[in-house]
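Overview (structure and organization)
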Amino acid sequence: MNNMEYLTSYVNQFVETIKRTGVEDVVICPGSRSTPLAYAFAKSEGFQFYRQIDERSAGFFALGIAKAKKTPVVLLCTSGTAAANFFPAIVEAYYARVPLLVVTADRPHELREVGAPQAIDQIHLFGKHVKWTVDFPIPEDNEESLPFIERHIYRAVSTSKTSPMGPVHINVPFREPLLINLDQHHSALQVSKVEMGQLVPGEEFIHWYKGILQKEEKGLFIVGDSLHTTEGFWEFVKTVQWPVLADPLSNLRSSVPEDCMHLCIDQYDALLKESSFKENVVPNVVVRFGAQPVSKPLTQFLKACKPTVFIAVDESPIFRDSLHIVTHHVQVEATSLWIPIQDKQTSNYLENWSKANEIATTHIQAYLEMEEDEGALAGTLFESLPNGADLFASSSMPIRDVDTFFNKTSKDIQIYANRGTNGIDGVVSTALGVQAATGRQSFLLIGDLAFVHDVNGLIVSRFQQTNITIVVMNNDGGGIFSYLPQSTEKNYFEHLFGTPTGLEFSHIAAMYDAQYDAVHTKEAFKHALNQTKTKDVRIIEVFTNRQVNTETHRKLWSAISKELDSIWRA
């Protein structure tokens, strides 16, 4: 067997094994050293194939696909700093529990640490931010190589899918010449099928847990990001009659059944800013599914009241308890604890939450009608979203405006965000990846600084069809910092944190042939949203004022708190 033949057999084995594991999506960045694998993936049928020339954006694009599908995505690049540019997306994937198969081509062993071009130390390049890393053998005529490839790829895919899901790293060295025989037939090896089981609770715990659900009236369900499914949840909650504090990323604020609307508490972030209300709704029991929600007032409330029983349900052995108040960490699949109970009546505790939620909702609806700030504009966007759409929210102010102004609805709207590390890098690319995975009409809500961070991610729209509307809230700087303590230092705040750039994005839209609107009022924004979308990418740039935005948000929260205080102190 000559060099081309065994190189071809090697990469064919690699690609066909990945296909047999069920992986469907491959994101490839151009580069010389990864040529054999790039050609092998390209000629193999059965993959959804994506290209992105920038590795940093490619990493987040793959992250978006995997986030939406909840299945591993292959991410391939050449050697050198190309691999290093994957790192921000890998960090996000690790903490957000998103499965990625990161494949980096490498120089052969004889070209490492000797000054060869595009040769860096890629072994354990991503450190503890991948679940597993492996350095593959060089392609050569060795009967052990192909079985090694097959078994290690099965291991990599299984590792990425096992809770907590996350990225794995496969480093593959190649010697020149790098061309393969595209017509060479491949006979796949056969290995034992990999079966993955489910985590279920024990009988003793179930007996105790059902007793709490049955007897306790002052109980709360808190649901955050990272649920694999929400099917069956509301049927379960109806029997327990506890309020559900639904983080927007739980996707429980959408498709809410009519007879469960009173159970879904979507304004808790505003409600928990008021002290007298908090004193009257201290829970005895909290059951949390998924990650801790975005809301800081909720975090402070839980830390202050320290419920007697706090059950954190998580498929991973990793304790997600930054508040150090969890009393029972239960490592099972969430759906295994959606156990209906019988003959339970509505409590005053639930009625208090529902009544307060209605009060806050009334104030927010009035706010959306009267105000022109970012919050009102964001709420205008949310109300206009069509049934069957996806919404991606950037970190900083956009996700907080989603938390406040995205009201529960019977419409099917799925919400996504990068909350593993809460960064603003790679947001455009992740949103484009989500849209590629779902095929649904997508909307991205993003600030001007986050848009600048990843504007080159738009290049992917030149390689494949997409359907996304990007709403850029341009307040000329970092709006979130205006709510933080450092904003009180007037001498240096604007220079260090406000960071105004004076940028507007009409030329970016023209560069990528995107439909573009610049709007300065709410009415103009409504008009732009109602216009027919004529291009794959639409950018609506909304010019706002950071100071006005901060003042009106605080006025809203104050009005809600004032009415709650008058009721609960009466």
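Residues numbered from 1 in each chain as written. Predicted model: local features only at pLDDT ≥ 70, side-chain atom pairs only at ≥ 80, totals over all residues. Heavy atoms only, no water.

1. Some remarks on the overall build of the chain
- When helices and strands are counted, the chain shows 20 helices and 18 strands.
- Dimensions of the chain, computed from C-alpha atoms along their principal axes, come out at roughly 90 × 60 × 45 Å.
- Taking all contacts inside the chain whose residues are at least 6 apart in sequence as the whole, residues at least 24 apart take part in 76%.
- Computing the positive centroid from 50 side-chain charges and the negative centroid from 67, the chain places the two 3 Å apart. (Helix = DSSP H or I, 4+ residues; strand = E, 2+ residues; numbered from the N terminus. Contact = heavy atoms within 4.5 Å. Lys, Arg positive; Asp, Glu negative; His and termini not counted. Charge placed at Lys NZ, Arg CZ, Asp CG, Glu CD.)

2. Here we look at the sheet that holds strand β12 (residues 328-330)
- With respect to topology, six strands assemble into an open sheet ordered β9-β8-β7-β10-β11-β12, the strand pairing being parallel. Looking at the sheet topology across the chains shown, the edges are occupied by β9 (264-265) and β12.
- Note: strand β10 (residues 285-289) against strand β11 (residues 309-313), five bridges, orientation parallel. Following the sheet pairing, Phe289 is matched in β11 by Val313.
- Along the sheet, helix α7 (residues 203-215) contacts β7 (219-223), β10, β11 and β12; its crossing angle with β11, the most-contacted strand, is approximately 120°. (Pairing = 2+ DSSP bridges. Axes fitted to C-alpha atoms, helices over the stretch in contact; angles between N-to-C directions.)

3. As for the pattern of salt bridges
- If you walk through the whole model with that rule in mind, you get 19 salt bridges.
- The closest approach of N and O atoms between Glu150 and Arg20, which form a salt bridge, is 1.9 Å. Highlighted residues: Glu150 in helix α6 (residues 145-161) and Arg20 in helix α1 (residues 3-20), separated in sequence by 130 residues.
- A salt bridge links Arg440 to Asp412; the nearest nitrogen and oxygen atoms lie 2.8 Å apart. A residue pair is termed long-range when its members are at least 10 positions apart, and Arg440 in the loop between α15 (427-438) and β15 (442-447) and Asp412 in the loop between α14 (397-405) and β14 (413-416) qualify at 28 residues.
- A single salt-bridge network, built from bridges that share partners, covers Glu24, Asp25 and Lys69. (Salt bridge = Lys/Arg side-chain N within 4 Å of Asp/Glu carboxyl O.)

4. Quick look at the state of the cysteines
- Counted according to the given criterion, the structure contains zero disulfides.
- Free cysteine Cys29: the closest other cysteine sulfur is in Cys77, separated by 6.3 Å.
- Among the residues examined, Cys29 registers a relative accessible area of 1% and is labelled buried.
- Free of any disulfide, Cys305 has its nearest neighbouring cysteine sulfur in Cys264, separated by 20 Å. (Disulfide = S-S within 2.5 Å. Buried < 20%, exposed > 50% of the residue type's maximum accessible area, 1.4 Å probe, protein only.)

5. Thoughts on the packing of helix α3 (residues 55-69) against helix α5 (residues 87-96)
- Here α3 crosses α5 at 25°, and the two axes come no closer than 8 Å. Taken together, the axis directions place α3 and α5 in an arrangement best described as roughly parallel. Two secondary-structure elements touch here, α3 through Arg56, Gly59, Phe60, Leu63 and Lys67 and α5 through Pro88, Ala89, Glu92, Ala93 and Ala96. (Parallel < 35°, antiparallel > 145°, perpendicular 65-115°, else oblique.)

6. Overview of the sheet that holds strand β3 (residues 73-77)
- An order of β2-β1-β3-β4-β6-β5 is seen for the six strands of this open sheet, with the pairing classed as parallel. Here the strands that pair on one side only, and so sit at the sheet edges, are β2 (48-51) and β5 (132-135). Here the average twist between neighbouring strands, direction ignored, is 15°.
- The sheet strands contacting α3 are β1 (25-28), β2, β3 and β4 (100-106), and the helix crosses β3 at an angle near 170°.

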